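Tertiary structure, described
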Amino acid sequence: MTILVSACLLGHRCRYDGKHKMNSDLMGRLKNQTVLPVCPEQSGGLPTPRPACQLMGGNGTDVLAGRARVVDKKGTDQTAAFMHGAHHILELARKNGVVRCYLKAKSPSCGSGELSARVTASDWPEGYRPVLGVTAALLLAHGFDVEEIP
């Protein structure tokens, strides 16, 4: 039983800013589990650190359908890298028999667009709106169980 996890949640310094977002609660839940750490943005060929990106014109599903794009703060279109990374992660999930995915919230790659049932509203910044990222949208479209982690 393999669980796919955003690498930044496991302490890997792969976020756009070169930092991590290690989540101790998640680490405890994953104890004695087979974990597959992934970073879709690095898998798509983007460096770390890199300029922050945002979805423009829609969500991850719209990016997959060609109706929206991913643009970094310098104005560079990074849609191709996000698409490549998402498809690579889908391939890894299939090959490794992934049964569940824990992905980083608020990410243009990994946000699942839903508040987790395990997380209370007080755990989220005021005014936070869930984001459906490109990788999360692709995994959900292929039937994977995805939960976003703050």
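Structural notes, computed from the coordinates.

So, how was this worked out
Residues numbered from 1 in each chain as written. Predicted model: local features only at pLDDT ≥ 70, side-chain atom pairs only at ≥ 80, totals over all residues. Heavy atoms only, no water. Helix = DSSP H or I, 4+ residues; strand = E, 2+ residues; numbered from the N terminus. Buried < 20%, exposed > 50% of the residue type's maximum accessible area, 1.4 Å probe, protein only. Expected span 1.5 Å × (residues − 1). Contact = heavy atoms within 4.5 Å.

Along the chain, Thr48 connects to Pro49 via a cis peptide bond; the corresponding omega equals -5°. Residues other than glycine seldom take positive phi values, yet Asn32 does so here, at roughly 70°. By the element assignment, Asn32 lies in the loop between helix H1 (24–29) and strand E2 (34–38). Within the chain, Lys106 stands out as a residue other than glycine whose phi angle is a positive 65°. Given the relative accessible area of 46%, Lys106 is considered partly exposed.

So, on to helix H4 (residues 79–95). Along its 17 residues, H4 runs 24 Å from first to last C-alpha, staying within 8% of the 24 Å computed at 1.5 Å per residue. Restricting attention to buried positions, one finds in H4 the residues Thr79, Ala81, Phe82, Gly85, Ala86, Ile89, Leu90 and Ala93. Positive backbone phi, approximately 60°, marks Gly97, located one or two places after H4.

So, about the environment of Leu30. Structurally, the position occupied by Leu30 is in the loop between H1 and E2. Looking at Leu30, the relative accessible area reads 7%, which means it is buried. For the pair Leu30 and Leu10, spaced 20 residues apart in sequence, the C-alpha to C-alpha distance is 9.9 Å. Sequence-distant contacts of Leu30, that is, excluding residues within four places in its chain, are made with Ile3, Val5, Leu10, Val35 and Tyr102.

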